[in-house]
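Topology and contacts: notes
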Amino acid sequence: MNMVKSFLIDLFDGHLIFENDGLKVLVDTGCPVTIGKSTHFDFMGQSYQCMTEFGGKNIAEISTMMGYDIDVFMGMNIIEQFYIQTNYQNKEITFSTEEIPFDSICSTPIIRGRMGEVCIDLTVKGQNVRLALDTGARISYIDENFTNGEPVVETRDDFNPMIGNFSTPIYSMEASICNQTFPVNFGKLPPVMAMPLKMMGIYGAIGFDMFNAFTVLMDFKKNMLSLKCNT
């Protein structure tokens, strides 16, 4: 039986958060596992396994870093079980066990890596670049070769569960996905994060900016990402 459920999004500082049965859930395609206060998370009629810590950090420590008390950090082990549609303008996320009808303007492949990474290809400064698809990223990131010569518009604070809090310069640029152009505020990843990604052929991450610009359908059965313009 098909199960479809929509939730109101709380876009706290650009993070994709919703509430399920009284639990605050952050959706993060950039994380391969789910982290929770308990070892199980009941969602959409199923019980899913959770880790109580990842990279030496538990959910309380992650909450402290982001400045928001979450109960579940939902990773790809749960996300990939569903068709997921996000609409940041309506502040809504929909999970479905079957395909969601979607009148897209374009679609692009989701590239799945051997280490669990989830990526898409975009065009920045006329060059094709592979970025991690990261719904948990409040700031998008790109390799410094793309930001060289660009003015810094501000400095912002961010965090990563593996390395903690850090600051990054922000560069206001444009990116294109299947010929659709949208504005992006790119940051510069700390070397400790940038180097492992480069070794996998990944040159940053795309997060809030793309999901804010489009209504997005993520199909992890066919590994396709579809977009339509917000109206």
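A short tour of the structure in this document, coming up. (Residues numbered from 1 in each chain as written. Predicted model: local features only at pLDDT ≥ 70, side-chain atom pairs only at ≥ 80, totals over all residues. Heavy atoms only, no water.)

**Some words on helix 4 (residues 191–199)**
Those residues of helix 4 that sit buried are Met193, Ala194 and Leu197. Looking down the long axis of helix 4, one finds its buried residues gathered within 95 degrees of arc, a one-sided arrangement. Projecting away from the buried face of helix 4 at angles above 90 degrees are the exposed residues Pro191, Val192 and Met199. Packed against the buried residues of helix 4 are strand 17 (154–160), strand 18 (164–177) and strand 20 (204–206). Directly after helix 4, the chain includes Gly201, whose backbone phi takes a positive value near 80 degrees. (Buried < 20%, exposed > 50% of the residue type's maximum accessible area, 1.4 Å probe, protein only. Helix = DSSP H or I, 4+ residues; strand = E, 2+ residues; numbered from the N terminus. Arc of directions from axis to C-beta. Contact = heavy atoms within 4.5 Å.)

**A few points about a nonpolar patch on the surface**
On the surface, a cluster of nonpolar side chains totalling about 270 Å² of accessible area is made up of Met162, Ile163 and Val192. Considering the arrangement of structural elements, one finds Val192 in helix 4. (Patch = residues over 30% accessible without salt bridge, like charges linked within 9 Å, V, L, I, M, F, W, Y side chains within 5 Å. Areas by Shrake-Rupley, 256 points an atom, 1.4 Å probe, with all protein chains shown as cover. Salt bridge = Lys/Arg side-chain N within 4 Å of Asp/Glu carboxyl O.)

**Focus on the sheet that holds strand 2 (residues 17–20)**
Taking strand neighbours across the sheet as the criterion, the ten strands line up as 4-9-3-2-1-11-10-21-22-12 in an open arrangement whose pairing is mixed. Two strands bound the open sheet, and with one partner strand each, they are strand 4 (35–36) and strand 12 (106–109). Judged from the four bridges that link them, strand 2 and strand 3 (residues 23–27) form a sheet pairing that is antiparallel. Counterpart to Glu19 in the pairing with strand 3 is Lys24. (Pairing = 2+ DSSP bridges.)

**Looking at the pattern of salt bridges**
One pass over the structure, following the stated rule, counts ten salt bridges. For the salt bridge of Arg138 with Asp13, the shortest nitrogen-to-oxygen distance reads 2.8 Å. Of this pair, Arg138 sits in the loop between strand 15 (127–133) and strand 16 (140–142) while Asp13 sits in the loop between strand 1 (4–10) and strand 2; the two residues are 125 residues apart in sequence, bridging distant segments of the chain. Residue class for Asp13 comes out partly exposed when judged on its relative accessible area of 38%. Through salt bridges with shared partners, a single network forms among Asp13, Arg138 and Asp158.

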